[in-house]
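Survey of secondary and tertiary structure
Residue-level listing of the chains:
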Amino acid sequence: MNLPLDNSTGHAETGCPFSSLKISGAILAGGENRRMPVLKPFLDAGGECILDRTISVLGSLVDDLFIVTRTPSLFAGFGVRCVRDSREERGPLTGIEAALQAAVHARVLVAACDMPLLSADTARRVAGSSDKDDWAVIPRVNGRLEPLFALYDRRLLPRIGALLAEGRRAVHPLADDAHVRVMDVNALGTGGEDSFRNINTPSDLVGGPVPRRGT
């Protein structure tokens, strides 16, 4: 049974629908897509467009969902508002910054646009491991941080701005902040690590398991 989350603490509580949790959802679609002949969010994986699946999963959990992208016109037909990632720098940290600035709620569940096995159950567990003092929950799978399917709080914006000012675009330095919780997904014993698999190249769609990010 997947328990919903309590609106005040973020922890699972019986009788409180997940949709009442004050969390926005952001799909990051600003990558350069250098190793794929077509944009990854539009790929068919298992008979379903990856972006359609991501919208369905996150849209079932939050009341504020949007796409962060440098090219909003490409996503106009998906029925989801688009937010422009307008910084000159490119990288996931700029996308997270744009998401936190544009979200209706102070907390944002972020997902990359290239995760064909994304699951609502894993999303609930990531969000549900947070409490009011956490500024982020970044999952760790098999010893590796997975910052592109994670929960971020608007209180991190000054820290993100400082990192970008230093020319740092990776998300991993945020994990060193005392207010950031690193969540070991393997310890849950639910197989949730599959949600963090992503598409890197065309060969990833032809048989075999979908690889983890960066592999």
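What you see is a predicted model; the values in this text were computed from it and never measured.

With that settled, the discussion passes to the pairing of strand 7 (residues 149-153). Counting buried residues along strand 7, five of its five residues qualify, which places the element largely inside the surrounding structure. With burial as the criterion, each face of strand 7 is covered, one bearing Phe-149, Leu-151 and Asp-153 and the other bearing Ala-150 and Tyr-152. Bridge count between strand 5 (residues 136-141) and strand 7: two bridges; the pairing is antiparallel. Each bridged residue has a counterpart across the sheet, and for Val-137 the counterpart in strand 7 is Leu-151.

Turning our eyes to something else, we now look at the environment of Pro-72. By the element assignment, Pro-72 lies in the loop between strand 2 (65-69) and strand 3 (81-84). The sequence separation of Pro-72 and Val-83 amounts to 11 residues, and the corresponding C-alpha distance is 7.1 Å. In contact with Pro-72, other than residues within four places in its own chain, are Cys-82 and Arg-84.

So, about the pattern of salt bridges. Applying the stated criterion across every chain yields a total of eight salt bridges. With a closest N to O distance of 2.7 Å, Asp-134 and Arg-181 form a salt bridge. Taken as a pair, Asp-134 in the loop between helix 3 (120-128) and strand 5 and Arg-181 in strand 8 (residues 180-184) lie far apart in primary sequence, 47 residues in all. What makes Asp-134 buried here is its relative accessible area of 9%. Each of the salt bridges in this network shares a partner with another, and the network as a whole consists of Arg-107, Asp-153 and Arg-155.

The subject of this paragraph is helix 2 (residues 92-102). The buried fraction of helix 2 amounts to eight of the 11 residues, a majority that puts the element mostly inside the structure. Listing the buried residues of helix 2 in full gives Leu-93, Thr-94, Gly-95, Ile-96, Glu-97, Ala-98, Ala-99 and Leu-100. In this fold, the buried residues of helix 2 make contact with strand 1 (23-28), strand 2, strand 3, strand 4 (107-112), strand 7 and helix 4 (157-165).

Parameters and conventions
Residue numbers here run from 1 along each chain, matching the order of that chain's written sequence. Residues qualify for local features only when their pLDDT is at least 70, as the model is predicted, and side-chain atom pairs are given and counted only at 80 or more; totals for whole chains, interfaces and linings, by contrast, use all residues. With hydrogens and water stripped out, all remaining heavy atoms of the structure feed into the side-chain values. Note on exposure labels: buried denotes an accessible area under 20% of the residue type's maximum, exposed denotes more than 50%, and partly exposed covers the range between, all computed with a 1.4 Å probe on protein chains only. Secondary structure elements are taken from DSSP: a helix is a run of H or I of four residues or more, a strand is a run of E of two residues or more, and numbering for both begins at the N terminus. Pairing between two strands is assigned when DSSP locates at least 2 bridges connecting them. Two residues qualify as a contact provided that any one of their heavy atoms is within 4.5 Å of a heavy atom in the partner residue. By convention in these notes, a salt bridge is any Lys or Arg side-chain nitrogen within 4 Å of a carboxyl oxygen on Asp or Glu.

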